[in-house]
Amino acid sequence: MTKKFFISLSTLILMLCSAVSAQNIPVIAYVNTTELIEAVPEKAQATQKLTALSDSYKAELQLIQNEYNKKYSDFITYQSSLAENIKLRRMQELTDLENKMQEFMKVAQKDIEEQEKILLEPIQQKVKQAIQAVGTEQNFTVIYDTADPAILFVTPTAVNATPLVKAKLKIR
């Protein structure tokens, strides 16, 4: 009787331990943030704004380059007939235009990068919050980002949480 009781008690304890440990099994998931960000509708709007800004800078740079090309062409054409002081002044104008183009390109690049950060940061934050919400709701232990080049391998048993995050963001 004691032996049967001890075996029953041991079996019950073993079953309880199995149930408790099954609840604590780490669940690994992964997402692809690049895919998620590209799927967010606001990303297309941000891309359009950045493209328009870039195009306006390109148009302005083209005007400066046209002015430079015209002055350079005139200088080459007439340099032999110009007085030395005029040659030096025109050479200085060309140098100034070159510097102006370089400075303009630096300013344009910096502005485009700043605008990109301003436009994409809310989108990235939205995706991050959705990933965290899905992780909490699904009791994932960790969610890896496969868009990160540091992630070399994700186990085949890991859960692809990208569709869950897309559903949370209400995107396809």
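Going by the structure above, here's the rest.
A. Region of interest: the nonpolar core. Core analysis: the largest hydrophobic core is formed by 19 residues, its most contacted members being Val127, Val165 and Leu169. Sorting the residues of this core by element identifies strand 1 (28-31), helix 2 (33-39), helix 3 (41-78), helix 4 (84-137) and helix 5 (162-169) as the ones contributing at least two each. Per-element tally for this core: the top contributor is helix 4, with seven residues. With 13 residues, the next largest nonpolar core counts Leu53, Tyr68, Met101 and Ala108 among its residues.

B. How the structure looks around helix 3. Its 38 residues give helix 3 an end-to-end C-alpha distance of 56 Å, which sits within 8% of 56 Å, the value for a rise of 1.5 Å per residue. Turning to helix 3, its buried residues are Lys43, Ala46, Leu50, Leu53, Tyr57, Leu61, Ile64, Tyr68 and Phe75. Against helix 2 and helix 4 lie the buried residues of helix 3.

C. Region of the structure containing unusual backbone geometry. The residue Asn139 is not glycine, and still its phi comes out positive at about 60°. Assignment of secondary structure puts Asn139 in the loop between helix 4 and strand 2 (142-145). Residue classification places Asn139 among the exposed residues on the basis of a relative accessible area of 60%. With phi around 60°, Lys170 is a residue other than glycine that occupies positive phi space. In this structure, Lys170 sits in the segment after helix 5. Looking at Lys170, the relative accessible area reads 75%, which means it is exposed.

About the cut-offs
- Residues numbered from 1 in each chain as written.
- Predicted model: local features only at pLDDT ≥ 70, side-chain atom pairs only at ≥ 80, totals over all residues.
- Heavy atoms only, no water.
- Core = buried A, V, L, I, M, F, W, Y, C linked by side-chain atoms within 4.5 Å.
- Buried < 20%, exposed > 50% of the residue type's maximum accessible area, 1.4 Å probe, protein only.
- Helix = DSSP H or I, 4+ residues; strand = E, 2+ residues; numbered from the N terminus.
- Expected span 1.5 Å × (residues − 1).
- Contact = heavy atoms within 4.5 Å.

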